[in-house]
Amino acid sequence: MNLNNVVVVLDRPEESRNIGAVCRAMANNSIHTLRIVAKKEDIDEERVRILSIHAFDIYQNAQFFDSITDAVKDCAFAAGTTRRKGKKRQGKLLLPEELTDFADRITGNGEEQDGQKLALVFGNERTGLEDDELNECNLAVTIPSSEEFGSLNLSHAVQIMCYHFFRSTSRQKTGYLPITRERLDKTVDTIADSLQDIGFFKVTGREDMENFWNNILSRAALSESEAQYIEKVFSKAAGLASKNQATTPADHQD
């Protein structure tokens, strides 16, 4: 999925500062296309600038429309965000991660489909999307939150949704691959060899010790550098123990 094809649509935003915060949230996640259902003259640009900081250009390039339908007419689909369920609320409410999976299936990842856009539609800060506005979208998505206080700030909702799309296309930039089981066996062997060398357990207890460390470290999902560090610690500890044992008899003779 090309993040340049993700469109954020703000429907009837009331507070100009919130628009600025939305711009910043979008920039955090490499999403730059903003569309606003409102009249441009009703927006206080200085208030937008205050919270957008270095993402003000997103607002400067924003387009303004009279309705959600007009704002998303060139998109493959439009997902309206809501926390309320109801008979007019598109039936099933997707979770953010379900929406990104759906988006991949609909828009595809191939170059021939890079031109297809998808819209994330966010309602007014106070009322959210009304039923008739949500009906202008193809589907509905909800962000789970506490029953104690379920309403999210507009920019926070935008941040969460955009982050899910960013992560779905950029895992290689921000994460790591856990080592394989085969590679983990090497680390466990190093731990067991080191503990056996210093006499921590008898030979007959090695299998139980290996199983223990294998179970613990498998759940830890180690990176390659972490595995190497653990091996270094145990190998060095075994080496120091052997050195101390070698010097002990001479110390006693003194």
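Presented here is an overview of the structure given in this document. (Residues numbered from 1 in each chain as written. Predicted model: local features only at pLDDT ≥ 70, side-chain atom pairs only at ≥ 80, totals over all residues. Heavy atoms only, no water.)

Looking only at helices and strands, the protein has ten helices and seven strands in total. Each of the 254 residues in the protein was classed as buried or not, and the buried ones make up 40%. Taking contacts inside the protein between residues at least 6 apart in sequence as the whole, the part at least 24 apart equals 81%. (Helix = DSSP H or I, 4+ residues; strand = E, 2+ residues; numbered from the N terminus. Buried < 20%, exposed > 50% of the residue type's maximum accessible area, 1.4 Å probe, protein only. Contact = heavy atoms within 4.5 Å.)

As a further point, take the pairing of strand E4 (residues 75-81). Of all the seven residues making up E4, six are buried; the element is thus mostly covered by neighbouring parts of the structure. Alignment of E4 against strand E6 (residues 117-122), held across five bridges, turns out to be parallel. If you follow Ala79 over to E6, its bridge partner there is Leu120. The pairing of E4 with strand E7 (residues 139-141) spans three bridges and is classified as parallel. Residue pairing across strands places Ala79 opposite Leu139, the latter belonging to E7. (Pairing = 2+ DSSP bridges.)

Our next topic: the pattern of salt bridges. Overall, the coordinates contain 13 salt bridges when judged by the stated rule. Arg126 is the salt-bridge partner of Glu14, the closest N and O atoms lying 2.8 Å from each other. Of the two residues, Glu14 sits in the loop between strand E1 (6-11) and helix H1 (16-28) while Arg126 sits in the loop between E6 and helix H6 (131-134), which places them 112 residues apart along the sequence. What makes Glu14 partly exposed here is its relative accessible area of 44%. It is possible to trace a salt-bridge network through shared partners that takes in Glu15, Arg17, Asp44 and Arg47. (Salt bridge = Lys/Arg side-chain N within 4 Å of Asp/Glu carboxyl O.)

The next thing to look at is the packing of H1 against helix H2 (residues 45-52). Where H1 meets H2, the closest approach of the two axes is 7 Å, and the angle between their N-to-C directions is 40 degrees. Where H1 crosses over H2, the two elements pack in a sense that is right-handed. Contacts between H1 and H2 involve Ser16, Arg17, Ile19, Gly20, Ala21, Cys23 and Arg24 from the first element and Arg47, Val48, Leu51 and Ser52 from the second. (Axes fitted to C-alpha atoms, helices over the stretch in contact; angles between N-to-C directions. Left-handed = near helix turned anticlockwise from the far one by under 90°.)

Structurally, Ser223 is set in the loop between helix H9 (206-220) and helix H10 (224-253). A distance of 3.2 Å separates the side chain of Ser223 from the side chain of Ser225, its partner in a polar contact. (Polar contact = N/O pair within 3.5 Å; in protein donor to acceptor, adjacent residues only side chain to side chain.)

Moving on to the environment of Gln245. Relative to the helices and strands, Gln245 resides in helix H10. The class of Gln245 is partly exposed, set by a relative accessible area of 49%. As for Gln245 and Ile198, which are separated by 47 residues in sequence, their C-alpha atoms are 9.1 Å apart.

This paragraph deals with the sheet that holds E1. Strand order in the open sheet formed by seven strands is E3-E2-E1-E6-E4-E7-E5, and the pairing between neighbours is parallel. At either end of the open sheet lies a strand with only one pairing partner, and these are strand E3 (63-65) and strand E5 (93-94). Two strands pair when backbone bridges link them, and strand E2 (residues 33-37) and E3 are joined in this way by three bridges, in the parallel orientation. In the strand pairing of E3, Arg35 is matched with Gln63. Against the sheet, H1 contacts E1 and E2, and its axis sits at roughly 155 degrees relative to E2.

On to H9. With 15 residues, H9 should cover 21 Å at 1.5 Å per step; its first-to-last C-alpha distance of 21 Å lies within 8% of that length. Within two residues after H9, Ala221 carries a phi angle of roughly 50 degrees, on the positive side. (Expected span 1.5 Å × (residues − 1).)

Our next topic: the environment of Leu95. With respect to the helices, strands and loops of the structure, Leu95 is situated in the loop between E5 and helix H5 (96-107). Note: C-alpha distance between Leu95 and Ala140 (45 residues apart in sequence) is 8.9 Å.

What follows deals with H1. Given a rise of 1.5 Å per residue, 13 residues ought to cover 18 Å, and the 19 Å separating the end C-alpha atoms of H1 matches this to within 8%. Between a side-chain oxygen at the N-terminus of H1 and the backbone nitrogen of Arg17 the separation is 3.0 Å; the capping residue is Glu15. Once H1 finishes, Ser30 follows within two positions and takes phi at roughly 60 degrees, a positive value.

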